[in-house]
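Breakdown of the fold
Here is what each chain is made of, one letter per residue.
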Amino acid sequence: MSGRDNTTRYRADATRYRWTVLAVATFTQAASGFFVQGIGAMGIVLRQELGLTAAQLGLLISAAQLAPLLGLTVAGELLDRYDERWVVGAGACVVGLALGTGSLAPGYASLLCVLLVVGAGYSTVQPGGSKSVASWFDASQRGFAMGVRQAGLPLGAALASAALPVLADAYGWRTALLAGGLVALLGAAAFVGFYRRPPGQIALQVRELNATSSPTTPAARLRLLREPSMARIMLSGASLISVQCGVGILTVLYLHDVAFVGAGSAALALVVVQIAGVAGRVVLAARSDRGTAGRYATVRLCMVAVVAAMAVLLTPPGRSTAVACCALVWLGFFGFGWYGPWVADVTESAPPGRTGFALGLAMSVNQVAIVVVPPALGLLTDLTGGFTAAWGLLIVMVLAALAVSARSERGRRPNRLASDHDANCPDTGATSWPS
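Because the structure is a prediction, the values reported are computed rather than measured.

Now for the packing of helix H8 (residues 125–136) against helix H9 (residues 139–150). Between H8 and H9, whose axes approach to 10 Å, the crossing angle comes to 145 degrees. The interaxial crossing formed by H8 with H9 has right-handed handedness. Residues Val125, Gln126, Gly129, Ser130, Val133 and Ala134 of H8 lie in contact with H9, whose contacting residues are Arg142, Ala145, Met146, Arg149 and Gln150.

Next up, the structure:
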């Protein structure tokens, strides 16, 4: 066989392998976030067994997200210098081992400490999985691939919402922790076992790192934050991730306390909401690949849609079971679905050779909202005795982000890479080859 035939077959094999990479990155995402995403569905069980308030329940979610405030930027730097296979695999192992150890926790305070360690491990999984998928898919399919990969989060949440409350009710919340740890370890093993970098990426990454000044100084980070595209990304991401947190923590409690839905049925409704989020991440990301207005147009559509759904929940019809469930499913589709186009926008706005750093920086800004919003929403619910203030706060946040982003976008073209050049797709790598 000629050398040309060997090269063609090698490239075809590598092109097919990107779907394996996408599958394993999606599974690891779902497995690593399995337990934390299921805390909201376990809210009634935890409230009964540990005597928690809504604010304390929200603080559990925040505890898992506190370490990534710094950990995401550190993980981004590691991902720009080392193989994603080991960085992500190590982080997922930390998640699994921490949850396994946490099954021995005596009470609420110990559980908080365990979740802090879980958050440190998870810091590598989110940007690492995104970078691994971005490096294998070019701009024409990157949004769809990111949407599929990011669907791992609501997919894991849906499975966790279905399984963890049953485990916790039958065997106690510590058993649910142990199950979450085993699932996370499976995700780590899958990523280490199957992930490989695309051909040509290592050499390109070394050249880019040598040619690019390090942005790790505070001044360089501030310069990146002041970029109009990054400012837009931060605002939209922070407001929509707040909505996502609100849906996760308030859905079961809202349906149970306001729409008078039983605990089991409310948890099942949350599963449906998260499945809608899985569909949203895939459909909306694929839409961003084909749209001519840029990926941010899809993110903006999601912002408008979630405001409409939360406004419905503030009306008297929003207290009925049917209307509330429809509005929450709508919130799941758009309130989770925005993430695929958003992450693709971040990777395409990143400086050459600094995709990991840009992802880590953008996601670390989101972490501020992830840490602050759940306990704030829980506290508002406790203090007001209802959900109006919580939904209202989320509406104000999204509207403010829409207004500021609209001003920054006025007179500017959407930031899309030209189809004939892709900074995240090396010319020598597998992702530059046609399907």
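Moving on, we get to the packing of aromatic side chains. According to the stated counting rule, one finds ten aromatic pairs in the structure shown. Ring geometry for Tyr254 and Phe387: centres 5.3 Å apart, planes at 80 degrees, overall edge-to-face. With Tyr254 in helix H14 (residues 228–257) and Phe387 in the loop between helix H19 (355–384) and helix H20 (388–409), this pair connects stretches of sequence that are 133 residues apart. Each member of the pair, Tyr254 as well as Phe387, carries the same accessibility label: buried.

Here the focus is the side chain of Arg197. Considering the arrangement of structural elements, one finds Arg197 in the loop between helix H11 (173–194) and helix H12 (201–211). On the accessibility criterion, Arg197 (16% relative accessible area) is buried. Among the polar contacts made by the side chain of Arg197, one reaches the main-chain carbonyl oxygen of Tyr82 at a distance of 2.7 Å. A distance of 3.0 Å separates a polar atom in the side chain of Arg197 from a polar atom in the side chain of Glu84.

Counting residues in each nonpolar core, the largest one holds 116 residues, and the members touching the most others are Phe35, Leu60, Leu115, Leu255, Leu331, Trp342 and Trp391. With 15 residues, the top contributor of residues to this core is H14. Other than its neighbours up to four places away in sequence, Trp391 contacts Gly246, Leu250, Tyr254, Met310, Leu313, Leu314, Leu328 and Leu331.

What follows covers the packing of helix H6 (residues 84–102) against helix H7 (residues 108–122). Put simply, H6 and H7 touch, their axes get as near as 7 Å, and they point 165 degrees apart. In terms of orientation, H6 lies roughly antiparallel with respect to H7. Two packed elements cross with a definite hand, and for H6 against H7 that hand is left-handed. Of the residues in H7, those in contact with Gly91, Ala92, Val94, Val95, Ala98, Leu99 and Gly102 of H6 are Val114, Val117, Val118, Gly121 and Tyr122.

Conventions used here
- All residue numbers refer to positions counted from 1 along the written sequence of the respective chain.
- Per-residue local features of the predicted model are confined to residues with pLDDT of at least 70, and side-chain atom pairs are confined, for both listing and counting, to 80 or more; whole-chain, interface and lining totals are unaffected and use all residues.
- For the side-chain quantities, the full set of heavy atoms in the structure was used; hydrogens and water were omitted.
- Note on geometry: axes are C-alpha line fits, over the in-contact stretch for helices, and angles between N-to-C directions span 0 to 180 degrees.
- Helical segments are the DSSP runs of H or I of at least four residues, strand segments are the runs of E of at least two, and each set is numbered from the N terminus.
- In this scheme, a crossing is called left-handed if the near helix is turned counterclockwise away from the far one by less than a right angle; it is called right-handed if the turn is clockwise.
- We call two residues in contact when some of their heavy atoms are within 4.5 Å.
- Pairing of aromatic rings covers Phe, Tyr and the six-membered ring of Trp, with a centre-to-centre limit of 6.5 Å; geometry is then stacked below 30 degrees between planes, edge-to-face above 60, and tilted otherwise.
- The rule is simple: take the accessible area with a 1.4 Å probe, protein chains only, and divide by the maximum for that residue type; under 20% is buried, over 50% is exposed, in between is partly exposed.
- Within 3.5 Å is the distance limit for a polar contact, defined as a pair of N or O atoms, with the added protein rule that one can donate a hydrogen and the other accept it, and that residues adjacent in sequence qualify only through two side-chain atoms.
- Residues grouped as a nonpolar core are buried Ala, Val, Leu, Ile, Met, Phe, Trp, Tyr and Cys residues, joined through side-chain atoms within 4.5 Å.
- Angular relationships are summarised with four words: roughly parallel below 35 degrees, roughly antiparallel beyond 145, roughly perpendicular across 65 to 115, and oblique for the angles in between.

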